[in-house]
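One-letter residues, chain by chain:
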Amino acid sequence: MSTAMNFSSKSFTPRPPDKGAFPLDHFGECSAFKERFMECLRHSGYESAACRQSAKAYLECRMDRQLMANEPLEKLGYKDLINEKSEEKPEK
């Protein structure tokens, strides 16, 4: 029975998440942003692409309050939303 699978021969080595652990929002500092995002998801039929602006605002809140590591928004997948914002500024 050499073809039988032997699961004990492989060992599983757990590794931490790529972005690491981050503190929970115990004081609800970003709960308004989270609620706006969740409301957007409900109205869009849970289509997350329709709520990217809300998700970006939530992540910015978490980074501003050191609830997650500061990451460039481009690296988090929001480069197109940053370009829209910078294009709006010259109009003022």
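Quantities reported herein were computed from a predicted structural model and do not represent experimental measurements. Once a new chain begins, its residue numbering starts again from 1 and follows that chain's sequence as written. In keeping with the model being predicted, local features are shown solely for residues with a pLDDT of at least 70 and side-chain atom pairs are shown and tallied solely at 80 or more, while totals for entire chains, interfaces and linings include all residues. Only hydrogens and water are removed before side-chain values are computed, so all heavy atoms of the structure are retained for them.

Engineer: I'm lost on the state of the cysteines in this one. Help?
Structural biologist: Cysteine pairs can be linked by a disulfide, which is a covalent bond between their two sulfur atoms. Disulfides are defined as cysteine sulfur pairs within 2.5 Å. On inspection of all chains with the given rule, the structure shows 2 disulfides. Each sulfur in the disulfide pair Cys30 and Cys61 lies 2.0 Å from the other. One quick way to see it: the torsion about the S-S bond of Cys30 and Cys61 is about -90°, and its sign makes the bridge left-handed. Taken together, the positions of Cys30 in the segment before helix H1 (31-43) and Cys61 in helix H2 (residues 52-64) put the pair 31 residues apart, joining distant regions of the chain. Each residue is placed in one exposure class: buried if its accessible area under a 1.4 Å probe, protein chains only, is under 20% of its type's maximum, exposed if it is over 50%, and partly exposed if it falls in between. You can call Cys61 buried: its relative accessible area is 2%. Here Cys40 engages in a disulfide with Cys51; their sulfurs sit 2.1 Å apart. Of note, the bridge from Cys40 to Cys51 carries an S-S torsion of about -95° and is left-handed in sense. Within this pair, whereas Cys40 is found in helix H1, its partner Cys51 is found in the loop between H1 and H2, the two being separated by 11 residues in sequence. If one numbers only the bonded cysteines of the protein, in the order they occur, the disulfide pattern is 1-4, 2-3. The helix and strand labels rest on DSSP assignments: H or I over at least four residues marks a helix, E over at least two residues marks a strand, and numbering proceeds from the N terminus.

Engineer: Help me out: how do you make sense of the pattern of salt bridges in this one?
Structural biologist: Where charged atoms from two side chains of opposite charge approach closely, those side chains can pair. The rule for a salt bridge is simple: a side-chain nitrogen of Lys or Arg has to be within 4 Å of a carboxyl oxygen of Asp or Glu. Throughout the structure, instances matching the rule amount to 6 salt bridges. As a salt-bridge pair, Glu35 and Lys34 come within 3.9 Å of each other at their nearest N and O atoms. On the basis of relative accessibility, which here comes to 42%, the residue Glu35 falls in the partly exposed class. Between Lys56 and Glu60 there is a salt bridge whose closest N-O contact spans 3.3 Å. One end of the pair, Lys56, and the other, Glu60, are both in helix H2, 4 residues apart, so they sit about a helical turn from each other. Taking relative accessible area as the criterion, Glu60 reaches 23% and is therefore assigned partly exposed.

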